[in-house]
Each structure stands twice: as structure tokens, then as C-alpha cells.
Amino acid sequence: MDKKYDINKLIRQSACEGAVLLKNDGLLPFDKGTKLSLFSRVSEAWFFRGVGSGGTVRCKDERNLTVAVRECEGLELNEELAEIYSRFNKENPVEQIDEVFNLDEMEVTFEIAKRAAEISDAAVVTIGRHCGEGHEGAAEKGCYYLTDKEIRMLRNVCDAFDKVAVIINCCAIIDMSEFEKLGDKIGAIMYVWLGGNQPGDAVCDMLSGKVSPSGKLVDTIAHGYTDYPSSANFGGRNFNYYKEDIYVGYRYFETFAKDKVAYPFGFGLTYTEFEYSDISAASAEGGFDVSVTVKNVGSFPAKETAQVYLEKPCGKLGNPSRSLVAFGKTKELAPNESETLTMFVSDYQLTSYDDSGVTGYPFAYVTEQGEYNFYVGKNVRDAEKAFSYYQEKTELFVQLTQAGAPQQDFDVICAEEKDGKRVMATRPVTTRQYSLRQRILDNLPEAVPFTGDRGIKLKDVKDGKNTLDEFVAQLTVDELDLLTRGDYHTEENLKPYGGAGGFGGVTKELIAKGVPLTITCDGPAGVTLDYESSLIPSATLLACTYNEQLVEKLHCAVAEELKERLADVFLAPALNIHRNPICGRNFEYYSEDPLISGRMAAAAVRGSQSLGGSACIKHFACNNQEYNRTRNDSRLSERALREIYLKGFEIAVKESEPKNLMTSYNLINGVWGHYNYDLVTVILRGEWGYKGSVMTDWFIQYYESPDFENIWNNAYRIRGGIDLYMPGAQWQDRDNIDKSIVESYNSKDGITLGELQRCAKHILSMIIEIKY
């Protein structure tokens, strides 16, 4: 097929725009012809991807830093040192790369470093880290902290060279204290994350000055691991109490612990300087527009991201000192060139969720009385106050219903105002105050009367000859059961080789009624079928670009590969919150902030669905830990659930309308994601108006409903409103099919025809959209 987008060009551009330059004393970019000594075996044995389903792209054209510097027109490579590392890598292969966080480094003595300094101009030291699905990080040397060998390498290189740059090729942020100790001996530090299949070339583009890095941090880098508010409540085997509540990342640090920050949220340098002016606000429908003029006052062309932060009144709810409410990125500005950015802030963003009734409006979003201050700038710490708004009285914004609330008593932190300052306090969470059983019984869907087979095909619904209700009315309970399961004994020759699973036309009976087989493939690193595909940068890197248009274009290119390889559903993006820096799957997720997470996910969805296929946002919700993830309970307040952990999903659903959504493995306040009526039926569909299909992650935990005697396993899933069980019978129960749906049907309080038909209609409506 003819392709509109050059995916390799977009990957390389993204890798540069997402690289975060933390420090530069003028060392970068290097002068033309600079000869570089590349230290660390990672320069050649680069980390291109994380572990697990999200990184299993078959990509052959992967270019490391050593290869790229060797071929870079503006730089030269110290081949003597490169040969030493090449020999070391061959003699010390890493056989199980998925089981290590780092590569055991070659011992770099001062003599090796001194010899390199004698025959080259500058040193580039690369620090590499690995993690992934089922591969939790650790606050240990070799993962979050540097190893002793890495420390000795850094010190010896700094002692031998006058010019030292550090490149960090990591899945997520790491401890920066050893770099801080070396002070001015290190001239530049840059996070380049996981940059897709051409990271070496992208790094060379920046080192040589072909382009300036322009990424900004999407996570706060603290001085130490224990400075993060979740550190004391992370890694529990059976459950974790989210005692930091809404105070995740910069919300915590900017309110209570500014001195614990090494690099603030939103921080990132370029090779030039920018000046902000003419900041203004104007009323717009549903909110207001913030405008700012950004001028390049330096001597190097570059892009800049302007950020808008809100300081709500502390109020009765105890609000954080800062929250990101808007951002915008300029085009590449030449020296002395300016651009005016206009960024929208909605009235909804001024509200806070009251999960206790302390404002007089329980289970509602309210705009509290007080002063709302807006800050505009380059990062959360340097943003300056631009204007204010005063809310005369506390007002109801939207009344909701308590949902997903905790079932255990525990305290969470909050803010109180004393002597004009916000100080840390605690409050008890509000536990569930309703009967989930009664809520479900009061809202059971009506059934379409069964008609038997009338010869109506699914395409007849697409063509307007019949309604979807008329088609569904033909299906027996057995057929409805099978329609809500994936890959039921599907012939392999009907699928693209390597598909993660199929659904829809999974039996001859369903195929005869015109239901096509619909194929999924893993993401978000690219189209993970057993064909060669492009490896795109990690979600964290893409978020650091702060460039929604670029992320959308990149995923338009992914959509072209998806269509070319005959897959229908791209199981991405993933937008769980970076609650803790050592979560193994952080590289697949965007940020500690829900706004940047939601906006980037929406951009990815729009691109992925641009050619008619489907994205699938995941993992709904609170999948913030890999250790024992299938049985771990995330226990948090309803406010934190709604304002932090669901907010990104809400933004993505409302702004991009993903056709599929995937639940998480874990429990959320005592209920597994794949059984969670409150999250899926009450909030996702009832409050946000979601119209797509909801699938499980691959496998579910078989369990009995605590509210209904005759509801268990897949019947429990259907009752929760989760439409599709994936991968169905392919692995979990191929030889011992779960019969809970059929056995529960028409029993006391058992599954009803209306519930089965509801799930079937969600699945079929989605299939019609993407297959016809």
C-alpha cells in the first residue's frame, strides 16, 4: 500500500523532541569534527525496548550509538576504544536480557580513560537501564542506583577528560546523586529514554548540533528514592494503600517538599534561551484561552514548551499548590523569531472532587470559594504568576454518585492552610456507602426478545437493512456466550501470524451470520506481529515531547503498518500513572501527571484509528505495580481514583473516542478490574458516555461475586459490564471450558439475556466500525 507517512523520520524526530537535556555548561553541541570516546558497553549493546508484550516488535533495523557516531558526518569515533568494548560485549554476552536491569560493565581503569583522552576530544558516558512487564524495578544498585563499576567508570572518565557528557538510555528515571557529586566535571546530562529503532542516529543529531533536544520532564526527579511519597507504600504483595492520595509527583513536592527536588516537573533545556511575554487570558466557551508569546533570544534554532499551572485555593478539600492545566509547543524558532501560543483551560479543570461531603456537595465536582492563581512558564518551579480569578462562593459543577470507593478504613495525606501556608495533614477516607448489589439490580438492561435465526447478517446492519437489535435477537445464549470470548478454537490460518488473539467470528456459527474474525496485536512499541515492523519510542519519551501533533502523526504511520499487516486492534496506548519511579512498566506509560497522560493517549488513539482500525487504551485502572499484579489490591480514596488515576482515561475517552478499552489485572478497592461494575458501567459508560467495547487483559482471575450467589467467573465479568474475555479459550481453558455464563443464566439473580445482549451489542457495534 502507498504510505503517506515516513515512520522512520517521525521516530527520529520524536526521539530528539523527547530527549530531556538536564544540564549543559556549553559543552553541547560538540564542534564539527569532535572525536568522541564512547564509554559503557551500552553504547553498542543499546537498550531499544522494555520487557514484555509492549516491546516485542520484530525490528531488524536497530541502530546503536556506536554505529551512528561512526557514520555521523559531524563527529568522529575513537575506534580503539570502540573495539575494546566490542570485544568485551562478544566475550560477555547477556543471554537472558529480559531478566536483567543493567549490563555488567567492563571495568574502566584510569589508565583506559587516560589513553582514550590522549586520542580523542571528549567522552560520552552512557548509562543504560532495563525493566518491563512482570519485571519490577528495585531501589537497588544496578536498577534505580548506579553500580559500583558505573561509579568508578564515571569518576575515572571525569578525571581523565575535560569534556564529559552523560547519556541516560533508560526505561524510567534513575537516581541522579552520583552525577550531582561530580558537579562541574560533567558538562552535560541528557535522558534519551528508549528512542525506537534509530536512537543512535537521534543522539548524534543532537550531539552534533543538527537539531536541539526539546524534551521536558514528565516526572519529578527527586534527590532520593525515599523522597517520593509512594515509596513507603509500594511493592506490597497483596495490597498497597495509596496514602499519598492526590499528592502524586510534583503535586506533592511543590506543596510540601520543594527542597527534595533535583529536577522539577516540566524541566528541560535546549541549546538556546527563550523569553516569554504578552501573557493574557480571554473568555472562551466552557473556559478560557491563555496566550503567551515565546521568543528565541539565543543563537540556536529550537522548540519550546510553554506550560500553564493552576494554584487552587487550599479550601476544605486541601488542594495541591500546583496542577498542570495546559501546555503548548512552538514550531522550531530561529534566533529572534517569536510565536504566540494559545492554550485552552476548561472550567472543569478548576474543580475538585468531594468524596466526603465536606463542601456540602458529597460525591460531586465543585469549584471551591477562593483565589485561583495561574502560572505560566518553562516548568512547574520557574512558572511565574500571570493572572488570578476569585470564586465568590463554592459552587456545584456536576453531581455524580459514589463509585469505586474503598472498603477499608485508612488515612491519606491532605493539605491544610496555616498562617497562609499549606502544611501536611491527614484525613480518613470515605468508605463505600451503597449496596453494589442493589445498584446493579436497579439498572439491569432490558432484553430484546429472542427470535431465532431470521437470516439477518451483520453486514445488513451496516447497510441499514436491519437494526442491531434485530441481529442480536437471533443469537442463542450459547452464541452470545461465545461472542463475548476471544479466539475460541480459531484456525491459525485465519489470523495474521503472531496476532495476540482474535474475537468476533470465532466459531463457524458466528461466521455464518457474517461476524468477521477481528485480530488484535500488542502495543505500544509498534505492531507486534511476527512480521518486521517499526519500533517506535517509549510512551514516556513521547510524553516528554509535549507535542500532540507529532505523536498523532507517528501513530498515523503505525496505523498504516497495522492495516498493511491485516491487524484490526492495536492494544495501545497504555496510560497508567507513574505513581512510583521503579514500577517496571513505567516505560509503557506516559507520566506522573494525568493531563499529559490523557492528552498524549488521545493523540495516539486519533492516529492509530485514522485508517479505520481501533486503538485499545489500557489498563483500566491503577495498574501501578508489576509485582503480584494479578492479585494485588490498589486501595485508594475515591478522590484520588477520579482526579489522578482515572483522569487520563477520561480525557482520552472524551477527546479521541477509542473503540476498545482494556481492563487491568489488579483489584481496585477490592474488586478486580475485569469484574468492576463501578468503573466500567457507572463511570466509564454512565458518566463519560463511552460507546466502545471493553475487553479484559489476557486472562482473568476466576472468582465468585460477593454480591450474587449464582454469579462467578465469566458470568461475573458480564455482570460487571466487561464485554469481551481475552484471549478466551486459547490458553486458559481450551480443554476445560468455563460454563459459568450458561449455568448462571436464568438462575436466581443469575445472568440475564439483557446483560448478554448488552455486551454483544458493544462488541458488534465496534466490529461494524472497523471491519465494514
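For the structure itself, look to the data block above.
K.L.:
It is not clear to me how the overall build of the protein chain should be interpreted in this structure. Could you clarify?
P.N.:
Counting its regular elements, the protein chain contains 22 helices and 30 strands. With the C-alpha coordinates of the protein chain rotated into their principal frame, the extents come out at 85 × 65 × 45 Å. One way to put it: in the protein chain the 85 positive side-chain charges average out to a point 1 Å from where the 114 negative ones average out.

K.L.:
How do you make sense of the pairing of strand β4 (residues 122-128) when you look at a structure like this?
P.N.:
Regular strands have side chains that alternate between both faces of the sheet. Buried residues dominate β4, accounting for 7 of its 7 residues. Burial along β4 is two-sided: the face carrying Ala122, Val124, Thr126 and Gly128 and the face carrying Ala123, Val125 and Ile127 are both buried. Across 4 bridges, the pairing between strand β2 (residues 34-39) and β4 is parallel. Opposite Leu38, over in β4, you have Val124 as the bridge partner. Direction of pairing for β4 relative to strand β5 (residues 164-169): parallel, over a ladder of 6 bridges. The partner of Ile127 across the bridge, within β5, is Ile168. In this fold, β4 hands off to helix α5 (residues 148-160), which returns the chain to β5; that crossover is right-handed.

K.L.:
Just to check I follow, could you spell out the nonpolar core for this structure?
P.N.:
If you look at soluble globular proteins, the nonpolar side chains tend to sit buried side by side. Core analysis: the largest hydrophobic core is formed by 179 residues, its most contacted members being Leu22, Phe39, Val157, Met176, Phe179, Tyr191 and Phe620. In contact with Phe39, other than residues within four places in its own chain, are Leu81, Tyr85, Val108, Ala113, Ala116, Ala123, Val124, Val125, Thr126, Met153, Val157 and Phe161. Formed by 43 residues, the second largest nonpolar core is a distinct cluster that contains Ala68, Ala165, Cys204 and Leu535.

K.L.:
Just to check I follow, could you spell out helix α20 (residues 713-720) for this structure?
P.N.:
Residues separated by three or four positions in an α-helix point in the same direction, a consequence of the helix having 3.6 residues per turn. When you tally the buried positions in α20, you get 8 out of 8 residues, the bulk of the element. Buried residues of α20: Asn713, Asn714, Ala715, Tyr716, Arg717, Ile718, Arg719 and Gly720, and no others. Packing partners of the buried residues in α20 comprise α9 (436-441), β29 (671-672), α19 (677-687), α21 (740-744) and α22 (753-771).

K.L.:
Is there a simple way to explain the packing of helix α1 (residues 7-17) against helix α7 (residues 199-207) in this structure?
P.N.:
For any two helices packed against each other, one specifies the crossing angle of their axes together with the interaxial distance. The contact between α1 and α7 brings their axes to 9 Å, and the two run at 55°. By the angle between their axes, α1 is oblique relative to α7. Pair α1 / α7 crosses with right-handed handedness. Residues Arg12, Ala15 and Cys16 of α1 lie in contact with α7, whose contacting residues are Asp201, Ala202, Asp205 and Met206. Taken together, the residues of the contact of α1 with α7 sort by class into 4 nonpolar, no polar and 3 charged.

K.L.:
Where do I start with unusual backbone geometry in this structure?
P.N.:
In terms of backbone geometry, most residues other than glycine have negative phi values and most peptide bonds are trans. Of note, the bond from Ala572 into Pro573 is cis; its omega dihedral lies within 30 degrees of zero at 5°. Within the secondary structure layout, Pro573 lies in the loop between β24 (569-571) and α16 (594-608). A cis geometry characterises the amide bond from Phe620 onward to Ala621, with omega recorded as 10°. Looking at the secondary structure, you find Ala621 in the loop between β25 (614-620) and β26 (633-635). Phi angles above zero are rare outside glycine, and Trp193 is one such case at about 55°. By secondary structure assignment, the location of Trp193 is in the loop between β6 (188-191) and α7.

K.L.:
Is there a simple way to think about the sheet that holds strand β17 (residues 370-377) in this case?
P.N.:
Strand pairs in the sheet, formed through backbone hydrogen bonds, run parallel or antiparallel to each other. Overall, antiparallel pairing links the 4 strands, which are arranged β13-β12-β17-β18 in an open sheet. Single-partner strands in this sheet number two, and they are β13 (323-329) and β18 (384-391). When strand polarity is set aside, the average angle formed by the axes of neighbouring strands in this sheet is 20°.

K.L.:
Help me out: how do you make sense of the side chain of Asp245 in this one?
P.N.:
Note that Asp245 resides in the loop between β8 (239-241) and α8 (250-256). Among the polar contacts made by the side chain of Asp245, one reaches the side chain of Ser637 at a distance of 2.5 Å. Not counting the four nearest positions on each side in its chain, Asp245 is found in contact with Val412, Ile413, Arg427, Ser637 and Ala640.

K.L.:
Mind showing me how you'd approach the pairing of strand β23 (residues 517-522) here?
P.N.:
For β23, the buried fraction is high: 6 of the 6 residues fall into the buried class. Alternating residues of β23 divide into Leu517, Ile519 and Cys521 and Thr518, Thr520 and Asp522, and every residue in both groups is buried. Taken together, the 4 bridges between strand β22 (residues 501-504) and β23 define a ladder with antiparallel strand orientation. Within β23, the position partnered with Gly504 by the bridge is Leu517.

K.L.:
Help me understand the environment of Glu650, please; the structure alone is not making it clear to me.
P.N.:
Inspection of the secondary structure puts Glu650 in helix α18 (residues 647-656). The class for Glu650 is buried, based on a relative accessible area of 5%. Taking the C-alpha atoms as reference points, Glu650 and Gly689, separated by 39 residues in sequence, lie 9.9 Å from one another. In this structure, Glu650 is in contact with Tyr348 and Trp688, ignoring residues within four places of it in sequence.

K.L.:
So what exactly am I meant to see when it comes to helix α17 (residues 638-645) here?
P.N.:
Most of α17 is tucked away, with 8 of its 8 residues classed as buried. Buried residues of α17: Glu638, Arg639, Ala640, Leu641, Arg642, Glu643, Ile644 and Tyr645, and no others.

K.L.:
Any chance you could explain the packing of aromatic side chains here in plain terms?
P.N.:
Geometry of an aromatic ring pair is reported as the spacing of the ring centres plus the angle between the planes. This structure, assessed with the given rule, holds 28 aromatic pairs. Consider the rings of Phe39 and Phe161, whose centres lie 5.9 Å apart with planes at 80°: the pair is edge-to-face. Of this pair, Phe39 sits in strand β2 while Phe161 sits in the loop between α5 and β5, and the two are 122 residues apart along the sequence. As far as burial versus exposure is concerned, Phe39 and Phe161 are alike and both buried. Arranged with centres 5.1 Å apart and planes meeting at 75°, the rings of Phe620 and Phe649 form a pair that is edge-to-face.

K.L.:
How should the environment of Lys149 be read in this particular structure?
P.N.:
Mapping Lys149 onto the fold places it in helix α5. Using a relative accessible area of 25% as the deciding quantity, one classes Lys149 as partly exposed. Along the chain, Lys149 and Val108 lie 41 residues apart, while their C-alpha atoms are 7.7 Å from each other. Ignoring any residue separated from it by four or fewer positions in sequence, one finds Lys149 in contact with Asp104, Glu105 and Glu107.

K.L.:
How do you make sense of the sheet that holds β5 when you look at a structure like this?
P.N.:
Taking strand neighbours across the sheet as the criterion, the 6 strands line up as β1-β6-β5-β4-β2-β3 in an open arrangement whose pairing is mixed. Looking at the sheet topology across the chains shown, the edges are occupied by β1 (20-24) and β3 (75-77). Here the strands of the sheet are splayed against their neighbours by 25° on average, with no regard to which way each runs. Pairing analysis gives 4 bridges linking β5 to β6, with the strands arranged parallel. Each residue of the ladder has a partner; that of Ala165, found in β6, is Ala188. In the packing of helix α3 (residues 79-91) onto the sheet, contacts are made with β2 and β3, and the angle to β2 comes to roughly 20°.

K.L.:
Sorry, what's going on with the pattern of salt bridges here?
P.N.:
Two side chains carrying opposite charge are able to pair once their charged atoms lie near each other. The full count for this structure, using the stated rule, is 52 salt bridges. With its nearest N and O atoms 3.6 Å apart, the salt bridge here joins Arg422 to Glu311. With Arg422 in strand β21 (residues 421-428) and Glu311 in strand β12 (residues 305-311), the pair connects residues that are 111 residues apart, well separated along the chain. Relative accessible area serves as the criterion here: at 16%, Glu311 is assigned to the buried category. With a closest N to O distance of 2.8 Å, Arg642 and Glu687 form a salt bridge. You can see Arg642 sitting in helix α17 and its partner Glu687 sitting in helix α19, a full 45 residues away along the chain. According to the relative accessible area criterion, Arg642 is buried, its value standing at 4%. Accessibility expressed as a relative area gives 23% for Glu687, which makes it partly exposed. When salt bridges that share partners are traced, they join Glu133, Arg585, Glu588, Glu626 and Arg629 into one network.

Criteria and thresholds
- Residues numbered from 1 in each chain as written.
- Predicted model: local features only at pLDDT ≥ 70, side-chain atom pairs only at ≥ 80, totals over all residues.
- Heavy atoms only, no water.
- Helix = DSSP H or I, 4+ residues; strand = E, 2+ residues; numbered from the N terminus.
- Lys, Arg positive; Asp, Glu negative; His and termini not counted.
- Charge placed at Lys NZ, Arg CZ, Asp CG, Glu CD.
- Buried < 20%, exposed > 50% of the residue type's maximum accessible area, 1.4 Å probe, protein only.
- Pairing = 2+ DSSP bridges.
- Right-handed = clockwise from strand over helix to strand, strands pointing away.
- Core = buried A, V, L, I, M, F, W, Y, C linked by side-chain atoms within 4.5 Å.
- Contact = heavy atoms within 4.5 Å.
- Axes fitted to C-alpha atoms, helices over the stretch in contact; angles between N-to-C directions.
- Parallel < 35°, antiparallel > 145°, perpendicular 65-115°, else oblique.
- Left-handed = near helix turned anticlockwise from the far one by under 90°.
- Nonpolar A, V, L, I, M, F, W, Y, C, P; charged D, E, K, R; others polar.
- Polar contact = N/O pair within 3.5 Å; in protein donor to acceptor, adjacent residues only side chain to side chain.
- Phe/Tyr/Trp six-rings, centres within 6.5 Å; stacked < 30°, edge-to-face > 60°.
- Salt bridge = Lys/Arg side-chain N within 4 Å of Asp/Glu carboxyl O.

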